[in-house]
Structures are given as C-alpha cells and as structure tokens.
Amino acid sequence: MAKSKSRNLVNLNVNPCKMCMPMGAALAFEGVEDSMVLIHGSQGCSTYIRRHIATHFNEPIDIASSSLSEQGTVYGGAANLVQGLKNVAAIYSPKVIGVLTTCLAETIGEDITHIIKESGVASELKGIDIIPVPTPGYAASEYNGYFVALKKIVAFYAREPKVKTNHINVIVTDLTPADIRELKRILSLFEVEYTIFPDISETLDAPYKKGFDIKTEGGTTKSQLRRMSAAIATIEFGWMTPLGLSPGRYLEETFDVPLYSCPLPIGLNGTDLFLEAISKIYDKQIPVELKKARGRMLDAMIDSHKLNREGRAVIYGNPELIYAVSNLCIENGIEPVVIATGTDTNPLVEQLDQQLSRYRYNPIILKDCDFESIQEIAVEQKTNLLIGNSDGKFIKEKEDIPLVRIGFPIHDNIGASRQLYIGYEGSLRFLDLITNTLIDKKHEAYRDKMYNKYFVN
Amino acid sequence: MEKNGLLEGRKKFIMHKENEVPITISCDENSLSGAVSQRACVYCGARVVLNPITDAIHLVHGPIGCASYTWDIRGSLSSDSQLYRNSFSTDLREKDIVFGGEKKLASAITEAYAEYHPKVIFVYATCVVGVIGDDIDAVCKNAEKELGIRVLPVKSPGFSGNKRSGYKAGCNAILQLMGETKIVETIPGSINYLGDFNLAAEAWIIKSYLNEMGVKLLTVLTGDSNYESLLQAPRAELNIVQCAGSMTYLAKQMQSAYQIPFDKVRFLGVDETVIALRKIANLLGDTDIIKRTEKLIERKLTEVTEVLKQYRERVQGHKAAIYVGGGFKAIALIKQFNNLGIDTVVIGTQTGDQEEYEMIRSLTKEGTVILDDTNPNELQKFMLEKGADILVGGVKERPLAYKLGLAFIDHNHERKHALSGFEGAINFAKEVDLTVNSPVWDYIN
Ligand code: SF4
Ligand code: SF4
C-alpha cells in the first residue's frame, strides 16, 4: 500500500516541482493554428514563460504581455489590455488570441472577459477570435492551467451539431511533437478520421525552410475545433484530470459525445488501452503493424527484464505523466520507490493501487511537494534512477543518481521535441533508455567495486 | 501599423544612424503593451545583482511561478557555499492572497533558518505582494530580532519599473547589509570589484590578473561573494565598476557612505582589458604594481595576439546584429566585433540609457539601426534588411536566429564560457568562428 506525503516544510517551497497556471494555458494555445497569447499582467511573467518554453522546444516563442506598470496596477489595466490586443493583431494578424491573466491582474480584480466585451475590441478586430482564460498563478499549477485553457477553447467553438461526423477527438497532454506525429501514424493505420487537440507537432517543431515566417504552420484548426462537438467519441488522455477541468467531459455532458478517458499511451498496458478504445469505438481490428510492434515490445521486455529489476526509481512531474511512467516501470519490474508531483490534488494513490499491490510495491507518494523533499527521500530510499524533467538535474548532480528525461521543461539537453515516448515503439525506446542508463551506471563502477570489496593480497 | 511593419508606438524607440544627427531615441520607458518585449521585470533585475551571494537564502515571497522560472538559471560560480542555487518560495495560494501573506512569510523565514542556518536571507517582494500590502519590512525586522541574523527586504514587484529599478533594489539591499556608515578601517591598497557576477568564472579570471599585479582584491560585488566578504567591502580604498548599468548606483552610494572613490572599467575584449588594468594600476599609484601590470599585459598580449589574428582571418567580413540587456555590453561587443573585422549593422538593448546610446552611435557606421526594448518582429525585419548574418543575444533570441539561418552568439547568464579578460576575448573569437564557419550554413542555401 502506498504512503502519501506532502512536502517537508510547510510554509516554504524549496526548489519548486511545479510551475503556474498561465504557463500551462500558454502551452495549450501553442497547439491552436495561427494563434497568439497575450498575458495580462506585468512584463516579467510573460518573459519568463516564453523563455521556459523557448529553451525546451528550441523554437521562437512569441508571447505578448500587456506590460502593466504601476499606473495600470493602481487604476486598472483595461486600456493596456485593449492596446495590447490591437498591437498583437497588427504585428501578427493571428486568427486566435488567447488572453490569459496573472496573479497580478487577478489580484487587482481585472475581469478580462468583461473588458474584452465592454471595450468593443472584439468587433474592432474582426476575424480574430479572442478567447479569455483566467489563470491566476496562485490558484493552481500549469497542469490545471493547461486543462482550463483546453476547456475554454473547446467551449468557445462548440455548437450543437447539425449532423454527427465519423471522426474522433483525441485530447492530449504532456506529449512531444514527435509523440503527436506518432499518434497520427497510429490513427492512420486504423484508417479513421480524427481531430487532435492541441496539436503541437508542427507549431513547436517546425522544419527549417527558407524565408522564415513569424507565423507558424500547423496546429488544430478552427474548423477542427468546431467539429469537435459532432464527433462520434472523444479519447482524452486525462486519466487524472479533475472532472470539472475535463474538456472531454464537457463535450459529453453538453453534446453527448461519449468520452473514453485513457491514461497516456506509454507502456504496454497504457498503449493497449488506447488502441482498444479506438478499436471499440469503430468496431475495428487492431492493425497488423501495431500488433507486430506489440510483439517486438514484449520481446524486448523479456530481453531486459533482469536488468530492469535492479531499478529503484524516483518518478516526478505532472500527474498524468507520472501515472503512465509508473505503470511502464511496474510492468518492467522497475520499482517506483518515490512518485512525486508538485501539483496539489490528484487521485494518484487509488489509481495505482491495484498494480502496486499486485507486485507488492509500497512507494512513497508525494503530492504538492518540492524537490527538497524528493531529494531527501530519494537518498534515504537508496534509489538509483530519476525519471522526470530537467529540474531533477540538481539531485542528479548532488547525489549522483542518473536522470532519464521526460516531461517539461527539459533545457539541459537538446532535442526534447523529438523524443518519442508513446505507442509500443515510443515506449520501447523509452524503456531502452532507462535500461541502458541502469547498465551504464552498473558498469561504470563495476571493476572498482569488485576490487575494493573482494581483493586481498 | 504602417506598411513597413512597425507599430506606431514603437517608432520613437528606433533610430537609423546618419552621421551628423545627434541621437534621439526613447529609452528607460515602459514596454509597449502587446509588443512582445524581451525584457524581464524588476524582480529579475534584483535577482541578477543579489543571486551570486553564495551563502544567502534568496526567498521569493509570492506565488510559485516567479521562483520556479528563476531557479538556478544563472551561471554564477561559487568557491564555497552552494546555498544560493536553491529556489525558495513562500508559494502563496489563493487564501494567502485574500488574507495576506505576512504570517506565511514569517513562518517561512523561521523554517528556512531552522533548516539551513544562513547568516542572511533576502526576501524578494514580487508583484502580488506589492498589491496585497504585506508589510515585508516589518516581517523582516521582526525576524532579524528573533533569529539574530540579517533578513533584508528587496522591494521588487515586477510592475514597479523595469530591470534597472530591480538592480537598484538589489543594490539597496546590499547597502543595508553593509551598514549605513563606515565604522571599520580602510585597508590600504585594497579594492572592490563591482559588477561582475562570476559567470563562467569571469571574476576569478580578473582576480588572477589582480593577484599577479599585486593588487589586493577585497570583495567582488557580487560574484562569489558571501556574507563575510560583503561586510569587508566598506574597508576598500577604491571601487572599480564594471557593467555600468547595474552597479554604478551602488558605487555612488558607497562613495557617499564610506568615502570610497570609484572608477569605471570594462574587461570585455583585449583593448578594454588592457585599458582597465592600466587604469587600476595608475589609480593605486604604486610603481611596483604598475611595473607588474605592464609585465602581465605584455605576457598576455603575446599569448593572445597571434591567436586572435588567426581567428580574424577566418571570420572577418561578416555583419553582426546585437541585442543584449545593458548598453555597456553592447558597446563592448561592437568593439570586439570591430577587432575581428566584423561590422555591427543592427544593435539594441533592453535597458540602455541616453549616454550609452550616444556612445553606440559614435562607434557604428552610417546606416546602422539602433533599437531600444525591441521585439522579435523588429529584430527579424532589420536583420534581414541590413544583411546581418550573425546575432548576439540571449536564450529567447537564439531560436529566431536559427530559424532565419543566422549564426548566433550566446550572451546570457547561463553561458559556460567566460567572455571577460584576455581569455574571454579568445573565447569570443572562438565562438564567432564556431558558429559562422559551421558547415551547416552550406546546406541551407
Ligand atoms: S509576478 Fe511580477 S515579479 Fe514575478 S515574474 Fe511576474 S512580473 Fe516579475
Ligand atoms: S505565479 Fe503568478 S505572478 Fe508568478 S509568474 Fe505565475 S502568473 Fe506571474
């Protein structure tokens, strides 16, 4: 049975294991075609968020700020917001502008929905959909911000459909551009029509071409967003998502689009569940090619099973991701010793319990935690593997525990957007990465260790 | 907006150099809403100045984001404590915003002290704290009394100005730490070195020169400094200041509080480094020091001149665009490029002042575009117009350069190679060579 804990110090967060709401919301808009984000608040938040996203994806990230100053803070920022919208429209002429708030804007009581409506700016900027999403950073982490934005966007476009279509919605989180390309490949193998939302496969991993345009190509289109309410079903990688935040649930409740909530398709079981869902929705067989890939994955799992059993992992990050990664670890005999998230609420313990007790694992589950707490337990529990984003590099450096990277942000390695983690093929690559890390670690110290332990003259 | 793609409100921040016209450019104003400024905020500026103090706890009072995004993003090195590399936050939540965060802050300070026993805690007030009206002065004062350590408030709500105001807030905290008046004796012949954050060991490099010259370096502000070394700083005979943007203010304050005269130097590039070292030697006026300095310069020049010449042959003729934080860095970069046979055709800063822009104008050729607080759109436009093929900038500018197929020089606080002194000049030339002469450019055309 897992033990649940919070962070060590009550009033002090030491080395945060989370970010704030507008970050998540900005990431959501990155997957909407021809969209821009304007963050209502002072300049810093927006610049920091841009910087964080840019270093992870190595792509130009333009996020505007309403640059609130002392005056705006005291007398209200409506004028700044309206001018900001006009300027963004003038430079970028986007089709969509997501307007987010910050702690500052919310604290001084800015009602962005009201400002946008009352100022008439929306009708002035014809052809641009302005979507307000209140995201006070103090209210929740980027995980919530992401889903709040998804839901707002879906709701903005959803209308009672005249006719039902034959496509499915796939609502995703925590995926890389390469993952989304793999997702498309899988869906094409099933020969089904789909809307992936949000789709960052091109927007955050654009090919080099001559004559760079400040506008990125790709992303979920407006017409795709509009037809979401007409879909035959939604598959949402939102196993951990609180019900109130789920865009899939919204579509189900409002437009009777059945929701299949799935964990991220990482690991054998995770991928199985996803493929089974598609298969069930369309009453179609799982394509031969995918069955073969599954066989290859099994073959590889046997190859590396003993090596993996020596793994004692610390898994941290967003709830959705750590759930999926924990399952992949459990399937392969890598013990999840610490499972941690900086986010406040999630039903992680209950969800994992069955798998955990099957193999008699008793991980420590940390919620609303910081890296200081993770570090302490990682050492105490003699773990030998960290799985999560770059922020674990501190523990890696200090405690010499190797780090396998997944999640956001990754800015101490290159190529985060090209990593593939999902489906049988992605999961297998990821598993190999983990196994090889364990092998390297073992071999590195092997000769010295044996010499020191057993050699006598 | 006009056809040339510039926002009306941005025009006064852009200047094309034509020789006779004196400089008129707006600077030190608020960023234009919606224009995607590359600037950060007051808090960021304060953090730049104070972060390198190694044995301090840097406690960010506010919601989590501000602390999360600035955790260990600067490459200041420490010879001792690593405490400064952690990110501490009060992680304010909804209820704290409603009921105030003072209690939480007080408890956070107590917890931090119990766990880490620092001698000094800097408490950064971020935007929200500035609005909900927490009296952080009072909380800090109480904590000082209770714990017997220094707990210093840093007033840095992001909206209350720009990065420059943040530098000032940081400097004020240092002054508070050092005390208001001089109560200790001057150490003859000793100097402080202000405005080096020991990124990639830069302060250590300068210190090695000063050692060889026989100059006693008391304290670096703030690279690799700590509580004890900061308390020593008022005893110096002379302050030398680099990075004028952030530290001249502190130098002036130290002059009036402790009667320490100051002078400005720059260690970016060979020429500036030579001038700086001679200046320091002459200011101290000791003939032995002057002699040793000349010997050092001679030795270093023979070491670097030939190497730089070789680099120059490989990189000359390119055209550079520069977009960096402060004016002082921009100026030094123009000179360094000049020495490598590279003209600067576009140049901008986030926080340069009138004087610096005037200097920039005098150093660049006719037709050069000068920008204050620019954005990606303008950068792209002018780089293409002016035919720049290399950009110097921070991490946010890098992907833009690469998408445009331009070479890029990293000039940020994370870099892993020093740009100061003779070593720095070579690193710079090497980096220019690494990027402009990469085979990759042959394949994109
Ligand atoms: S909240 Fe204020 S202090 Fe914090 S990052 Fe944003 S602008 Fe800067
Ligand atoms: S937590 Fe609030 S104030 Fe800080 S960066 Fe996020 S939105 Fe801005």
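All of these numbers come straight from a predicted model, not from anything done at the bench. The residue count restarts for each chain, going from 1 along the sequence in the order it is written. For this description, chains carry letters from A and ligands carry numbers from 1, given in the order in which they are written. A pLDDT threshold of at least 70 governs which residues receive local features in this predicted model, and a stricter bar of 80 or more applies before side-chain atom pairs are shown or counted, although totals over entire chains, interfaces and linings include all residues. Each side-chain value is derived from all of the structure's non-hydrogen atoms; neither hydrogens nor water enter the calculation.

## Let's talk about the overall build of chain A
To keep things clear, this is the line we draw: The helix and strand labels rest on DSSP assignments: H or I over at least four residues marks a helix, E over at least two residues marks a strand, and numbering proceeds from the N terminus. We take the radius of gyration over the C-alpha atoms and set the globule estimate at 2.2 Å times the residue count to the 0.38 power. Between buried and exposed lies partly exposed: a residue is buried under 20% and exposed over 50% of the maximum accessible area for its type, with that area taken using a 1.4 Å probe on protein chains only. Only the protein chains shown count as cover for residues, with accessible areas throughout obtained via the Shrake-Rupley method and a probe of 1.4 Å. Working convention for charge: Lys and Arg count positive, Asp and Glu count negative, and His plus the chain ends are omitted. By convention, the charge on Lys lies at NZ, on Arg at CZ, on Asp at CG and on Glu at CD.
A count of helices and strands for chain A gives 19 helices and 15 strands. Computed over C-alpha atoms, the radius of gyration of chain A comes to 23 Å, within 12% of the 23 Å expected from 2.2 N^0.38 for 457 residues, which places it in the range of a compact globule. By its C-alpha atoms, chain A is 85 × 55 × 50 Å across when sized along the principal axes. Sorting the 457 residues of chain A into buried and exposed places 62% on the buried side. Looking at chain A as shown, the accessible area adds up to about 17800 Å², and 50% of this sits on carbon and sulfur atoms. Computed over 49 positive and 56 negative side-chain charges, the inter-centroid distance for chain A is 3 Å.

## So, the site of ligand 2
Just so we agree on the cut-off: Here a residue counts as near a molecule or strand whenever at least one of its heavy atoms sits within 4 Å of it. Each residue receives one of three labels: charged for Asp, Glu, Lys and Arg, nonpolar for Ala, Val, Leu, Ile, Met, Phe, Trp, Tyr, Cys and Pro, and polar for the others, Gly being one of them.
Neighbouring ligand 2 are Cys20(A), Pro22(A), Cys45(A), Thr102(A), Cys103(A), Gly137(A), Pro63(B), Gly65(B), Cys66(B) and Tyr69(B). More than one chain reaches ligand 2: its neighbouring residues belong to chains A and B. Looking at the shell around ligand 2 residue by residue, the class counts come to seven nonpolar, three polar and no charged.

## A look at the domain arrangement of chain A
Residues and elements named next belong to chain A. The criterion, for reference: In this entry, domain limits derive from an automatic or database-based domain assignment. What makes two residues a contact is simply this: any of their non-hydrogen atoms within 4.5 Å. We define buried area as the total accessible area lost by two parts upon association, computed with a 1.4 Å probe and summed across both. Basic side-chain nitrogens of Lys or Arg form a salt bridge, by our definition, when they fall within 4 Å of a carboxyl oxygen of Asp or Glu. Here a polar contact means two N or O atoms within 3.5 Å. Within protein one must be a hydrogen donor candidate and the other an acceptor candidate, and residues neighboring in sequence count only if both atoms are side-chain atoms.
Each assigned domain of chain A is listed here: domain 1 (5–14 + 288–448), domain 2 (21–140) and domain 3 (168–206 + 215–282). The C-alpha-based centres of domain 1 and domain 2 are spaced at 35 Å. Between domain 1 and domain 2, the residue contacts involve eight residues of the former and eight residues of the latter. Summed over both partners, the interface of domain 1 with domain 2 comes to about 660 Å²; 65% of that surface belongs to carbon and sulfur atoms. Broken down residue by residue, the surface that domain 1 buries against domain 2 is led by Phe408, His411 and Ser417, which jointly contribute 67%. At the surface where domain 1 touches domain 2, the tally comes to zero salt bridges. Applying the counting rule to domain 1 against domain 2 returns one residue pair in polar contact (both at pLDDT 80 or more). Tallied by class, the residues present in the side of domain 1 that touches domain 2 amount to five nonpolar, three polar and no charged.

## Re the site of ligand 1
Neighbouring ligand 1 are Ser42(A), Gly44(A), Cys45(A), Tyr48(A), Cys41(B), Tyr43(B), Cys66(B), Thr126(B), Cys127(B) and Gly158(B). Surrounding ligand 1 are residues belonging to chains A and B, so the site spans chains.

## Some remarks on the nonpolar core
Cut-off, in case you're wondering: Residues grouped as a nonpolar core are buried Ala, Val, Leu, Ile, Met, Phe, Trp, Tyr and Cys residues, joined through side-chain atoms within 4.5 Å.
The biggest cluster of nonpolar side chains holds 155 residues, and the ones touching the most others in it are Ile53(A), Leu183(A), Phe237(A), Ile387(A), Phe122(B) and Leu250(B). With nine residues, helix H8 (residues 142–157) of chain A is the largest single contributor of residues to this core. The contact partners of Phe122(B), leaving out residues within four places of it in the chain, are Leu50(B), Ile53(B), Ala56(B), Ile57(B), His58(B), Leu59(B), Leu152(B), Val154(B) and Ala173(B). By size, the runner-up hydrophobic cluster in this structure holds 63 residues, among which are Val215(B), Ala330(B), Phe428(B) and Ile444(B).

## Quick word on the packing of aromatic side chains
Condition: Stacked, tilted and edge-to-face are the three classes applied to pairs of Phe, Tyr and Trp rings, where Trp contributes its six-membered ring and a pair requires centres within 6.5 Å; stacked means planes under 30 degrees apart, edge-to-face means over 60, and tilted covers the rest. A ring is considered to have a charge above it if a Lys NZ or an Arg CZ atom is located within 6 Å of its centre and within 35 degrees of its normal.
Tallying each qualifying case throughout the model produces 19 aromatic pairs over all chains. A ring pair is formed by Tyr451(A) and Phe455(A), whose centres lie 4.9 Å apart and whose planes are at 15°; its orientation type is stacked. Judged by its relative accessible area of 46%, Phe455(A) falls in the partly exposed class. Here a set of aromatic residues connected by ring pairs shows up, and it is made of Tyr316(A), Phe371(A), Phe394(A) and Trp71(B). Taking NZ or CZ as reference, Arg47(B) lies 5.4 Å from the ring centre of Tyr124(B), over its face.

## Here we look at unusual backbone geometry
A cis geometry characterises the amide bond from Phe408(A) onward to Pro409(A), with omega recorded as 0°. Omega for the bond connecting Leu221(B) with Thr222(B) falls within 30 degrees of zero, at 5°, which places this linkage in the cis form. Structurally, the position occupied by Thr222(B) is in strand E7 (residues 216–222). In this model, Lys382(A) sits at a positive phi of 50°, which is unusual for a non-glycine residue. Residue position: Lys382(A) is located in the loop between helix H17 (371–380) and strand E14 (385–388). A positive phi angle, close to 50°, is found at Ala200(B), a residue other than glycine. Its place among the elements puts Ala200(B) in the loop between strand E6 (190–196) and helix H8 (202–213).

## Brief notes about the sheet that holds strand E5 (residues 150–155) of chain B
Condition: For two strands to be treated as a pair, DSSP must find no fewer than two bridges joining them. The angle between two axes is taken between their N-to-C directions and runs from 0 to 180 degrees, where each axis is a line fitted to C-alpha atoms and a helix contributes only its stretch in contact.
Taken in spatial order, the five strands make up an open sheet running E2(A)-E3(B)-E2(B)-E4(B)-E5(B), and their pairing is mixed. Of all strands in the sheet, those with a lone pairing partner are strand E2 (13–14) of chain A together with E5 of chain B, marking the two edges. One ladder, built from six bridges, connects strand E4 (residues 120–125) of chain B with E5(B); its direction is parallel. Bridge pairing in E5(B) places Ile121(B) opposite Val151(B). Sitting on the sheet, helix H7 (residues 163–178) of chain B touches E4 and E5 of chain B, and the angle it makes with E5(B) is about 155°.

## Looking at the interface of chain A and chain B
With 68 residues of chain A at the contact, the number on the chain B side is 68 residues. Looking only at chain A, the three residues that lose the most surface to chain B are Asn11(A), Tyr48(A) and Tyr138(A), adding up to 13% of its buried area. Applying the counting criterion to the chain A and chain B interface returns four salt bridges. Between Lys403(B) and Glu59(A) there is a salt bridge, with the nearest N and O atoms lying 3.0 Å from each other. Where chain A touches chain B, the interface holds 23 residue pairs in polar contact (both at pLDDT 80 or more). A per-element tally of the side of chain A that touches chain B places helix H2 (residues 43–57) of chain A first, with 10 residues.

## Here we look at helix H1 (residues 21–29) of chain A
Residues and elements named next belong to chain A. The buried count for H1 comes to nine of nine residues, which makes it a mostly enclosed element. Listing the buried residues of H1 in full gives Met21, Pro22, Met23, Gly24, Ala25, Ala26, Leu27, Ala28 and Phe29. Tucked inside the fold, the buried residues of H1 contact strand E3 (35–40), H2, strand E4 (63–65), strand E5 (96–101), strand E6 (129–133) and H8.

## What about the pattern of salt bridges?
Note on pairing: side chains with opposite charge can pair once their charged atoms come close. For the structure on display, the rule yields 41 salt bridges over all chains. Note that Arg185(A) and Glu425(A) form a salt bridge whose closest N and O atoms lie 3.7 Å from each other. Taken together, the residues span a long stretch of sequence, with Arg185(A) in helix H9 (residues 177–189) and Glu425(A) in helix H19 (residues 423–454) at a distance of 240 residues. The salt bridge partner of Asp96(B) is Lys104(B), with a shortest N-O separation of 3.3 Å. Accessibility assignment for this pair places Asp96(B) and Lys104(B) in one class, buried. Each of Glu212(B), Arg299(B), Lys300(B), Glu303(B) and Glu423(B) takes part in salt bridges that share partners, so that together they form one network.

## What to know about the side chain of Asn169(A)
All names here are of chain A. Within the fold, Asn169 resides in strand E7 (residues 167–171). A distance of 3.1 Å separates a polar atom in the side chain of Asn169 from a polar atom in the side chain of Thr234. Other than its neighbours up to four places away in sequence, Asn169 contacts Thr195, Met228, Ala231, Ala233, Thr234, Ile235, Leu251 and Val257.

## Let's talk about the sheet that holds E3(A)
What holds strands together in a sheet is hydrogen bonding between their backbones, with the strands either parallel or antiparallel. Residues and elements named next belong to chain A. Here we have four strands laid out as an open sheet, ordered E4-E3-E5-E6, and parallel in their pairing. A strand with exactly one partner marks an edge of an open sheet, and here the two such strands are E4 and E6. Across the sheet, the mean angle from the axis of one strand to that of its neighbour is 25°, orientation sign disregarded. When E3 meets E4, the two strands line up parallel, connected through three bridges. Within the sheet, the bridge partner assigned to Ile39 lies in E4 and is Ser65. Where H2 meets the sheet, its contacts fall on E3 and E4, and the angle it forms with E4 comes to roughly 170°.

## Examining the domain arrangement of chain B
Buried accessible area, meaning the area lost when the parts come together, often serves as the stated size of an interface. Residues and elements named next belong to chain B. Per the domain assignment, the segments of chain B are domain 1 (2–29 + 316–414), domain 2 (42–178) and domain 3 (190–298). A separation of 33 Å is found between the C-alpha centroids of domain 1 and domain 2. The interface is formed by nine residues belonging to domain 1 together with seven residues belonging to domain 2. Taking both partners together, domain 1 and domain 2 bury about 680 Å²; carbon and sulfur atoms supply 42% of that area. Taken together, the links from domain 1 to domain 2 amount to one salt bridge. Among the salt bridges present, the one from Arg164 reaches Asp353, with a minimum N-O distance of 3.5 Å. Across the domain 1-domain 2 interface, the total number found is zero residue pairs in polar contact (both at pLDDT 80 or more). Partitioned by chemical class, the residues of the side of domain 1 that touches domain 2 number no nonpolar, four polar and five charged.

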